[in-house]
Structures are given as C-alpha cells and as structure tokens.
Amino acid sequence: MAVIHSDAPPIHRPWRRNLGFGLGSLLLFLFTVWMFWFDYHRDWKGYQREFGRREVEKASSRLEEVDARLSADQQLAALQEKLDAARAELDQHSGDLKAAQKTLDEAGRRFYIAESRWKIEKSYYDSKKYFFEEDRRHVQESALDDAARKAAVEKLLADFKRYEDRYQQAVVGLEQATQERDAAAAGVKAFTASVDDTTKKISKMMEDAAAIQRKIDVNRPSLTKAIRNAPVLDLAAPTLKVDQVILPNLLTDINFMTIPRVDRCVTCHKGIMDPGYGEDEQPFTTHPRLDLYLSDGSPHPYTRFGCTACHQGLDRATSFASAMHTPRDEEQEHEWARKYGWSEPHYWDFPQLAAQHTQAACRTCHVQDVRVKGADRYNRGLDMLERAGCYGCHKLTGYEQQRKTGPDLRHLASKVRPEWAYRWVEDPRSYRATTWMPKFFNLSNSSSPESQARNNVEIDAMVSYLFQKSTPLAPTVARAPAGDATRGRLLVSEKGCLGCHRVGENPTARGTFGRDFGPALDRVGDKVTPEWLFDWIRNPKRYFPETNMPDLRLTEGEAADIVAFLMTLRKAPPQPVPPPDGALLGEVTEEYLRAKLTSAQAKERLASMSEEARKLFLGEKLIARYGCFGCHRISGFEEALPIGTELSGEGTKIITRLDFGFVEIPHTKAAWFLQKMKEPRIFDTGKVKAPQEKLKMPDFGFTDEEAETVVTLIMSFQKDIQPMASHRILDDRTGAVEKGRRIVQDRNCRGCHIVEGEGGAIRETIQDQAYYPPNLIGEGQKVQSDWLFDFVKGPTPIRPWLKAKMPTFGFDDNEATRVVRYFAALDQAAYPFVSPMEAAPADLVKDGKKVFEDFKCMSCHPVGAPPPGMAAADLAPNLLMARERLRHDWIPKWFRDPQRLLPGTRMPGFFYSDEAPLYPDADHRMEAVKAYLMQLGGGARTTGGASGR
C-alpha cells in the first residue's frame, strides 16, 4: 500500500488545555473559599461568640444591679458628700498645699542625690572590704616577721578605714534625706488625707462595677475583634481560639501509644466553671458541685484532672461528633441526631459516659475507698454490690476477702423445712419482696411448660442435696420457753432490733443499709422453728460464725418474749411441693452424666442409681452450675471457684465482645449492661441451645433505677489505664479511715448511730429523742483509745436510761483496733497514746468541785446510778467514767462550745457564749471542773487496751 505523506502542519487546540486549566483553577479557588468558610464557621467558634454575647448580657444586668445598689447606698452617698467637702476644704488651702508640695519635691531631689551617693559609696565599700580581707590574709600568711606583718596590716586597715568613713557619712546623709522627705510627705498628706482616704473607700465600693465593666469591654463585639477573627487574619492573634489543658499525669491510649491527655472541652463549655451560668443550657451551663469539681479549691481542680479523665470521650476533639458524646436516653439521642447530626460512634472504644453514669469514673482513682464523697449513685452501687453478693460469682479486685453475703447453709435442716426451702428457691420474692436473693427459675429462657417441669426437678434435687448434706445442730433447748408476745413486741422496739430490721411494716422498697441491713421479719414465723430462733437471737455465731448479727445480751426471759412475738408474724404456710417427674429426673441426671461419660456408660451408671442418689448427684451438679456456693457456705463446695465472668475490667471491655444476639437495643455497653440487669437471660432469645448451654445469671428483680445504678458501677470496673500518679494514695491516716469504714459498713453501725454525718436510721422508730443512740461525731478526739478499745469489745452502760443497748459484735483485737484507729484518724487525734494529765493542785480540784456543785451538773449527769423517777430527757452520761473515758484536752473544748462539737446537743454553754466569756475567770473555771472530773471514779482496766496493738 502506498503511504501518503503530507507536508501540512499539525492542528493545535490550545483552548482545550486552557479550559482544563481554567476549570481546575476555579475549582481550587472554590475549595479554598469553602475551606476558609468552613473553618470560620466551626461550631466551637459559634459557641464562643454566643458565650461572649451572654457574658455581655449577664454582666450588663449585674452592672445595672450594682449601679442601682450603689445609687441606693446611703453610705456611698455619705462618702460622696464627705469627699466633696474634703475637696472644697483642700481648695481653700491650695496655696499652702502648693508650698508643701514644693517642699516635698525639693526633699525628694535631695533624697535622690543622697540615695545615689549611698549606692556609690556602698559599692566602693563592699569592694574595698573584699580586697582588705584578702590582702590581710596574704600578709598574715607571709614570711614577714611579726612587726612587719603588724605594720602592713595597720597600713591596709588605715586605707580601708577611709572608705568605711565615707560610707558611714553616706548612710547618715541618706537617713537625714529620708527623714526630710517623710516629713515633707506628711505635710502634704495633712492636706490630702481626707480626700485620699474617702476616694479609696469609694473606689473599693465600686470595684465590683469596675470589674464587671472590664468583663463587658473584653467580651463586647468590635471591629478590631472582627478583623482579628477574620479568615486568614486569625492566624495572628484571634480572640476565638481553642482552649486546652495538658495533663501529663493522666494518659490516653491512641493507636497503641500512651500519651498525655490534652483536654479541649472548655473550648465549647465556656461557662462550665462560672457559677453564674447555672440556669443556662448546654454547652454554657455551670458544672454541678464546683466545691468538688473543677474549681481551684476543689479536690478535682481542672488544671489537674481536666474533663475526659472523668467523662471519657476523645480529649482532643473540638466538635460535638468527634468528642464522642453519649445520650442519656432514646429521647436525647433523637434530639442530638436532629440538632447535631449525632450518630453512634464506631471508631472509638471509650465514648463519653452518659450523664447518669458519670460517677463510674470515680473508681479510676478511688478504688481503695469504701465510699466516695459526693458520688451518691456510685456509693449506692457499691452498697447494692455487697448486698447482692456479685463478687460471689464474679471475680472482682478488692473483694477477694469479703465474706459471703448469704447465710451459712451447712446447718440448714436445723433452721427451716424442706417445703419452705423449695418455695424459697423457686421464687424468693414471693416470700419477701425486699430480698436480695435472686430468682433462678421460670425466667425468660426457662418459662416454657417443658422448662417448668424441668425446673421442678432441678429445685427438688438442689433442696434434697442441701438437706442431705446439712450437719445437724441440735438446739440448746428441746422446746422454746413460753414467752409473752406483747412484751416481745415492746422488746423488739426497745432493744435496737429496728436499727437493722423492719418488723411488721410489710416493706416493698429494697434498701441496702440502715433498717434494711437485715432481712424484713414480717413472715419469719412461716420460716423458722421457735427453738432455732431462740438459739439464734441469744447466740447468732453458734449457727453462723461469720454473721454480722450481734449478740444483744438477752436474758432467757427476754429471748422467749421476742420469740413469742416473732412467731406470730405469719402469712401462710408454704404450699405443698409437687413431686418431681421421675422419668424427667432420670433424663436430666443422664444429661449431666454424659458430660464425662459415654452414652452407654451414662445409661449404665444411671440404672445403678436410686432416686435419692440421682437427686444427690443432680443437686450437686446444679449447685455447681448456678454457683449457689458464691453466696452461701455449702458442704462439699469449700474450694469451689466463682462461676461468672471476671468483672474487674468489665467497664473497659470492647463492645465487640458483647453478644447482643437478636435483642433490639442500642449497640452500646451501657445498653447491654442495662438489659442484662433487667432481663439477664434475654440474650438467649431466638437461639437454639441445650439446657446446659443456656445463660444462667439469675434475676435480682432490679427496678429501673436500681438497674441504672448497677450499670454505673459496672462501667466503673476499668482496667488500670491511668498511671499510679493519678490514684488517690492512702497515707497512714486515710488508710486507717478506710479500714475502719469497712467495719462500720459491714456491721451497719449507721443503723443506730450517726457516723460522718450519716445514719441514725433507728431514730425514725423512737419518739423521744432522749432515747436516741449517740451521735458519734468527734468521737475520736473525745474518748481515750484504750477505753474505746475495751468498749467495742465488751460494751458497758454509759447512758443507763437508754433502752437500745450497744450490742456485742464479738470483735477480735485486730477489728477492735481498726475501729479505734478509724475514729482517731477521722478527727486527726493522737493515737494510741494520750499525753497524761499532770496532777492538778488540790486548790484547783476544790474550785472545780464548787463550780460543779454550783452549776448543779449532777442534776443531769448522775455520779453513779441515776436518781429514781428522773426523766430520760434530763439525763446525761455518767461522769464517774470521765477519768478513764474522756481525753482531758477535749473537756475544755467541750465546755467552750458544745454545739460546735456536737450539733443538737442538750448541753448548754456555761462558760462561753458566741466566743465571749460569761465570767472573767471562765478559763480557770473550765480547767478547775476538768481537774475535778479527772479525779472522779478510776480503776484499772481489765484488757490490754489499744496502745499495744
């Protein structure tokens, strides 16, 4: 084929290239404009502009109030009149003032010259002094003879003396010039003092207005601010900027790298530390409890803790979405989605805690604290944890040594009947609505007709095992003594039983401590035998060595009366127990046998077992499956391990490790935990599982509020991701406080006493406050450690008129010492030794006795037994115990201001009133009465006391 060559030049189309370049440039320009627009309109900048507007508005309103107050202030008007008069008088002496001012100016000039000369001469003097000392040392160390050295030193000294004389002359000149200046200044002040003093007072009164005006000026919009915050120009010195705090002791994990937190939350939450924004909406509102959080004087200042250490979320975020906010409920979720475009975070493992769960963060630092001040929901969660006994099934750091929460079942047959035990296991709340015993059967995954038949078999097997393994504990009496139920009812209300129990009130709300510490006794007559109850209230530790039930030191007659009353608290005997299906019993037993045997071996083994043997075998397996031994001591399970998931790091568990199954709930940890608390086996819905594969967590019957509280607690169980520097370190004192708090909580001391401002629940059952158990505020600085040690081990009457007596808890020496140290540490009192009181002069003791008798102290404080017929409201503690009981240095403090040491006390102030002495010799009188009290009574102690422990 022929190839045709053309000499025509190629055709160029430059307009295409130019068009592409032009379009690209236009797009770049548009994106650049969009970038600047987007940056300029960031949400946080809008919040800061709005906050500035609100600052101006609030400040203007406050300024008007201040101005109105100042205008109405008669004192200000009087000061203004005084200032006008002083200025008028000053004008009349203007000539004299000018002469005095001229004298001051001349004196100031002479002072300046004298001061300059003094500085120059002092520099020469200091320099010459240094060289003189150096030269003298060289001469003294030289090889010259004594005469030559002496002559050389004298020559050096003479030369140095000239400079010293010149320096002293400069000092004298400066002193004279200073005196002249001060005298001239006093002359001027004689004319201006009234004007200056009045002006200062007026300025001080108007400081608030000036400060408010400065705030208005700072936040008011202006052209200058607009230019500084304009796009591009805001690179220099904008007024709208990201606010942050760096927290080197608090760390966060970013892509497997641990780095310091850099909190930027206040970029949007500008009013968070300003009390004036308490009524504003988010993000401007004030943070709750500034006395506890954020403020510089609080335990958690913002500069040390920031925000995300407690709230979690992404610390460096400056937008609503990236900060990983978590809504408190579905309604708020919809609101956020509409207003902010919020969606469930998928790329951050630790989003912010919802508002109702914020206190979960307290445990991060306060893991060793029994209770945390200000964290009511968290504290309530801890209380519920201990009452429900969660640590019995779930391993939990810090609770390894806590006693099992349920009663000892090793002597169960001595206490209840099998029929009652069956109905109790089947549905505990049908007997006692407020019980913490959970329900294991007839739940969402075991409520079908087939499951109910199996439930019957399982319950019967478990009860059979418990009774067959129960060790007989013969009652101390063959038959409970006859008693008077009417007297028993009175004794129950008088002996202190109502500090831990509710009796005859049919409660429905479940509490944790106080009067809900022990079980409600409404139906105790349906449950136990009179003989067991008689033995129990006389010696609880015989049946249950680890019980928290104390010994009330009852006589046989008192115990019989109380038993007679309690046995009348009945409703209905338990319904007959349905007989178990024998065939189903065999099937379930074979099912458990196949766990370790082949099918043939299981059938062979089953055939060789009697019905009782099958029940015993199956009961043991079921108790192991459901973990009953986690809360109860059961024979055969002494070494069994917890059956549940460890909860020590549950709050930081990655959400992908939670099985949501087919349950339609939000995919958040809090939602999963909440559903688990309300319906623990709901996640089996729609799944095909063999009976032994099914979920087995029981139902505690939590209300919505209780479930949310438990979720807060679970969210607090976090891995130790913070450095030890952030933890609250317990020193000797705070450690002693926490150890003592544990005993106070475990023994329910607050059921009767007010301790650390809380408790005294029994008071609601006592009409006359004279019979209230004592408020223990200040107990550590009040009583001697040795006496308190003896008292908690073996209580003796202090207020004999009280009907509710301090019970015997059976403390060992270690426990008693912890209680004593707790009270001493609370009040930062000396422990264990108290400085002995020096022997008081006889005359001082005599004076004290006279004051004691003149004030008729014995009319309230019996010195010995109280007078017969005296009203309890008029009685006070026996002072024969003062010498051994009270710290001698506490007594004058008590005399000086009883109400400050014990608010609400009936003790009047005999010696002082509002810090003013009522007598010229008030202090002497107090010391005299103290000396008299310290020689009353006496006697040796029978135990070693706390000082050796």
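Residues numbered from 1 in each chain as written. Predicted model: local features only at pLDDT ≥ 70, side-chain atom pairs only at ≥ 80, totals over all residues. Heavy atoms only, no water.

Caption draft 1: Molecular detail of helix 23 (residues 611–626). An ideal rise of 1.5 Å per residue puts 22 Å on 16 residues; helix 23 measures up with 22 Å between its terminal C-alpha atoms. Of the residues making up helix 23, those classed as buried are Arg614, Lys615, Phe617, Leu618, Gly619, Leu622, Ile623, Arg625 and Tyr626. In the core, the buried residues of helix 23 are packed alongside helix 15 (449–468), helix 21 (582–593) and helix 22 (599–607). Positive backbone phi, at 70°, marks Gly627, one or two positions downstream of helix 23. (Helix = DSSP H or I, 4+ residues; strand = E, 2+ residues; numbered from the N terminus. Expected span 1.5 Å × (residues − 1). Buried < 20%, exposed > 50% of the residue type's maximum accessible area, 1.4 Å probe, protein only. Contact = heavy atoms within 4.5 Å.)

Caption draft 2: The environment of Asn775, seen in detail. Assignment of secondary structure puts Asn775 in the loop between strand 6 (758–759) and helix 27 (779–782). Separated by 17 residues in sequence, Asn775 and Glu758 have C-alpha atoms that sit 9.6 Å apart. Asn775 has contacts with Ile754, Arg763 and Leu902, leaving out every residue within four places of it along the chain. Of note is the side chain of Asn775, whose polar atom sits 3.0 Å from the backbone nitrogen of Ile777. (Polar contact = N/O pair within 3.5 Å; in protein donor to acceptor, adjacent residues only side chain to side chain.)

Caption draft 3: Representation of the packing of helix 30 (residues 842–854) against helix 34 (residues 922–933) in the model. At a minimum axis distance of 7 Å, the contact between helix 30 and helix 34 shows a crossing angle of 100°. Compared by their axis directions, helix 30 and helix 34 come out roughly perpendicular. Contact with helix 30, carried on its side by Leu844, Val845, Asp847, Gly848, Lys849, Val851 and Phe852, involves His924, Arg925, Glu927, Ala928, Val929, Ala931, Tyr932 and Leu933 of helix 34 and no other residues of that element. Partitioned by chemical class, the residues of the contact of helix 30 with helix 34 number 9 nonpolar, 2 polar and 4 charged. (Axes fitted to C-alpha atoms, helices over the stretch in contact; angles between N-to-C directions. Parallel < 35°, antiparallel > 145°, perpendicular 65-115°, else oblique. Nonpolar A, V, L, I, M, F, W, Y, C, P; charged D, E, K, R; others polar.)

Caption draft 4: Seen up close, the nonpolar core. Within the largest apolar cluster, 67 residues are counted, with the highest numbers of intra-cluster contacts made by Val503, Leu533, Ile537, Leu566, Leu618, Ile623 and Ile634. When contributions to this core are tallied by element, the ones reaching two or more residues are helix 13 (418–426), helix 15, helix 16 (485–494), helix 18 (530–538), helix 20 (556–566), helix 21, helix 22 and helix 23. No other element matches the 8 residues that helix 15 contributes to this core. Residues within four places of Ile623 in sequence aside, it is in contact with Met462, Tyr465, Leu466, Cys628, Phe629, Ile634 and Phe637. Val845, Phe852, Tyr912 and Tyr932 belong to the second largest nonpolar core, which has 25 residues in total. (Core = buried A, V, L, I, M, F, W, Y, C linked by side-chain atoms within 4.5 Å.)

Caption draft 5: Local environment of the side chain of Lys615. Along the chain, the position of Lys615 falls in helix 23. Ignoring anything within four residues of it in the chain, the contact list for Lys615 reads Asp460, Ala461, Ser464, Pro580 and Leu585.

Caption draft 6: Fine view of the side chain of Thr308. For Thr308, the position within the fold is in helix 9 (residues 308–311). The contacts of Thr308, once residues within four sequence positions are left out, are Arg261, Asp263, Cys265, Gly313, Leu314 and Asp315.

Caption draft 7: Seen up close, the pattern of salt bridges. Counted by the stated rule, this structure contains 70 salt bridges. When the shortest N-O distance is used, the salt bridge between Arg42 and Asp39 registers 3.0 Å. Look at Asp39 and you get partly exposed, because its relative accessible area is 28%. When salt bridges with common partners are traced through the structure, they connect Glu50, Arg53, Arg54, Glu57, Lys58, Asp280 and Glu281 into a single cluster. (Salt bridge = Lys/Arg side-chain N within 4 Å of Asp/Glu carboxyl O.)

Caption draft 8: The packing of aromatic side chains, seen in detail. Taken as a whole and judged by the stated rule, the model has 35 aromatic pairs. Relative to Trp424, the ring of Trp420 lies with its centre 5.2 Å away and its plane at 10°, an arrangement referred to as stacked. Taken together, the residues Trp420 and Trp424, both in helix 13 and 4 residues apart, mark about one turn of the helix. Judged by its relative accessible area of 8%, Trp420 falls in the buried class. What makes Trp424 buried here is its relative accessible area of 14%. An aromatic cluster of at least three residues, connected via ring pairs, comprises Phe855, Phe895, Phe910, Phe911 and Tyr919. Taking NZ or CZ as reference, Lys58 lies 4.7 Å from the ring centre of Tyr277, over its face. (Phe/Tyr/Trp six-rings, centres within 6.5 Å; stacked < 30°, edge-to-face > 60°. Lys NZ or Arg CZ within 6 Å of the ring centre and 35° of its normal.)

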